[in-house]
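# Descriptive structure summary
Take a look at the letters that make up each chain.
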Amino acid sequence: MRQPLIAGNWKMNGSKADSTDLLNGIKAGVADIVRSEVAVCPPFPYLYLTEQLLAGTLIRYGAQDVSREPGGAFTGQVSASMLKDFGCTYAIVGHSERRLFNGETNATVARKFAEALSTGLVPILCVGETLEEREQGKTEEVVASHLDAVIEHCGVDGLGRGVIAYEPVWAIGTGVTATPEQAQDVHAFLRQRIAAKSGDVASAIRILYGGSMKPSNAEELIRKPDIDGGLIGGAALKAADFLAICRAGDAATA
Ligand code: PEP
């Protein structure tokens, strides 16, 4: 069975004080979470604090983005090796907010995925359609293009060293969640598409759901056979809500 992963994406929120409180709150409540893997992705400036506060715990952490370049004259960027240096396990790549606000293309995202892998980071590849694309019946076409770009660049075995997060853009930060059936359909589609290249990778890779996941809907979503946890935005900013989702991950796989 795939171990559920509950990863918090804090986005560009909080301060040093808020991050300290949130990390301490998660640390204080995590002891009874036994099946789910727990991870947080704070903003870059708080990774050092995260490294200090989470030392000696099982809580993993990562970054919300990574440069596609290994280093050098790339002002403002943060390399995968720097993230490793701060003890990161994960790097989110291809979040829809980066595709939208930073013009990231499938090719850029695939290079970031590869760069993360090259240093031993685990990339979390976000895929997902907009509302307009869903209404036009293009959901599978869009998520396939996001997925295929990484398979073409890194190979299916490379993909298998990462995690996928299906995040319908219309569900992110809107309070509208995909129904468990809608999410399961897309997760199953992604897994079948990977299976056409490698059955082993398809059965082992974790596919998270993201988009207004919260304590009240997490267990039902994670109970679906192809949903292996969540990438959590808003609800990851309150320790009690985030921990409740982690417990839902445990309950769904009990
Ligand atoms: C996200 O941005 O990754 C996300 C899932 O956000 P939210 O949970 O707030 O919809």
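A short tour of the structure in this document, coming up. Everything quoted here is computed from the prediction, not taken from an experiment.

Conventions adopted
- Residues numbered from 1 in each chain as written.
- Predicted model: local features only at pLDDT ≥ 70, side-chain atom pairs only at ≥ 80, totals over all residues.
- Heavy atoms only, no water.
- Near = heavy atom within 4 Å.
- Polar contact = N/O pair within 3.5 Å; in protein donor to acceptor, adjacent residues only side chain to side chain.
- Areas by Shrake-Rupley, 256 points an atom, 1.4 Å probe, with all protein chains shown as cover.
- Helix = DSSP H or I, 4+ residues; strand = E, 2+ residues; numbered from the N terminus.
- Expected span 1.5 Å × (residues − 1).
- Salt bridge = Lys/Arg side-chain N within 4 Å of Asp/Glu carboxyl O.
- Buried < 20%, exposed > 50% of the residue type's maximum accessible area, 1.4 Å probe, protein only.
- Right-handed = clockwise from strand over helix to strand, strands pointing away.
- Pairing = 2+ DSSP bridges.
- Axes fitted to C-alpha atoms, helices over the stretch in contact; angles between N-to-C directions.
- Left-handed = near helix turned anticlockwise from the far one by under 90°.
- Contact = heavy atoms within 4.5 Å.
- Nonpolar A, V, L, I, M, F, W, Y, C, P; charged D, E, K, R; others polar.

### Some points on the site of the ligand
In the vicinity of the ligand lie 14 residues, with K11, H95, E167, G173 and S212 positioned nearest. Contact between the ligand and N9: an oxygen atom at 3.4 Å from a side-chain N or O atom of the residue. Within the backbone of G173, an N or O atom sits 2.6 Å from an oxygen atom of the ligand. Taken by itself the ligand offers 290 Å² of open surface, and the protein chains cover 96% of this.

### Remarks on helix α1 (residues 16-29)
Side chains that are three or four residues apart share a direction in an α-helix, a result of its 3.6 residues per turn. For α1, built from 14 residues, the straight-helix expectation of 20 Å at 1.5 Å per residue is met to within 8% by its first-to-last C-alpha distance of 20 Å. Two or three places before A17, at the opening of α1, S15 has a side-chain oxygen 3.3 Å from that residue's backbone nitrogen.

### Some points on the pattern of salt bridges
Throughout the structure, instances matching the rule amount to 17 salt bridges. Between R60 and E37 there is a salt bridge; the shortest N-O distance is 3.0 Å. Of the two residues, R60 is situated in strand β3 (residues 60-63) and E37 in strand β2 (residues 37-41); the sequence distance between them amounts to 23 residues. Here the salt bridges share partners, and the residues they tie into one network are R2, R191, D226 and D228.

### Some words on the pairing of β2
Counting buried residues along β2, five of its five residues qualify, which places the element largely inside the surrounding structure. A two-sided burial pattern is seen for β2, the buried positions comprising E37, A39 and C41 on one face and V38 and V40 on the other. Taken together, strand β1 (residues 5-9), α1 and β2 form a β-α-β motif whose crossover is right-handed. The pairing of β2 with β3 spans two bridges and is classified as parallel. Across the sheet, residue V40 finds its bridge partner in β3, namely Y61. Of the crossover connections in this fold, the one passing from β2 over helix α2 (residues 47-54) to the parallel β3 is right-handed.

### Overview of the packing of helix α7 (residues 139-159) against helix α8 (residues 180-195)
α8 packs onto α7 with a crossing angle of 40° between their chain directions and a minimal axis gap of 10 Å. As α7 packs across α8, the resulting crossing turns out to be right-handed. Across the interface between the two elements, T139, E140, V143, A144, L147, D148, V156 and L159 of α7 pack against V186, F189, L190, R193 and I194 of α8. Here the contact of α7 with α8 is composed, by residue class, of nine nonpolar, one polar and three charged.

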